[in-house]
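Listed below are the residues making up each chain.
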Amino acid sequence: MSAFVIVEIEIIDPIAYEEYKLYTPGSIAAYDGKFVVRGGSMESLEGDWNPQRIVVLEFPTVERAKEWWNSPEYAKAKGIRQRAAHTKMLVVEGFEG
């Protein structure tokens, strides 16, 4: 079953974050993942949620998403992101109905 990694990001160091964006795509692809949303324009439809940036990744399974997050391929990028931004990240199973 597909899985989605959903990330809310508040960038605190834009220069370092641009470096992070260079390293991430290759690491995601190495684990059969892809970007579904990568910081596109957004509009709040309900409530007071107004994030600065949203990213959504799709992986074939939750296990594969977790392998990516813990991978040596993502380690350098993850360290840069953790210094350059405040993030909230979760993985959720897709729906097959």
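(A) Spatial organisation of the environment of Q82. Its location among the elements puts Q82 in helix α3 (residues 72-84). On the basis of relative accessibility, which here comes to 47%, the residue Q82 falls in the partly exposed class. Note: C-alpha distance between Q82 and F59 (23 residues apart in sequence) is 22 Å.

(B) Molecular detail of the packing of aromatic side chains. Summed over all chains, the structure comprises four aromatic pairs. In this structure an aromatic cluster arises from ring pairing among Y17, Y20, F59, W68 and Y74. Lying over the aromatic face of F35, R38 brings its terminal NZ or CZ to 4.3 Å of the ring centre. Note that K78 overlies the ring of W69, its terminal NZ or CZ placed 3.4 Å from the centroid.

(C) Inspection of unusual backbone geometry at higher detail. Of note, the phi angle at D32 is positive, near 65°, even though the residue is not glycine. Its location among the elements puts D32 in the loop between α1 (14-30) and β2 (34-38).

The rules behind each value
- Residues numbered from 1 in each chain as written.
- Predicted model: local features only at pLDDT ≥ 70, side-chain atom pairs only at ≥ 80, totals over all residues.
- Heavy atoms only, no water.
- Helix = DSSP H or I, 4+ residues; strand = E, 2+ residues; numbered from the N terminus.
- Buried < 20%, exposed > 50% of the residue type's maximum accessible area, 1.4 Å probe, protein only.
- Phe/Tyr/Trp six-rings, centres within 6.5 Å; stacked < 30°, edge-to-face > 60°.
- Lys NZ or Arg CZ within 6 Å of the ring centre and 35° of its normal.

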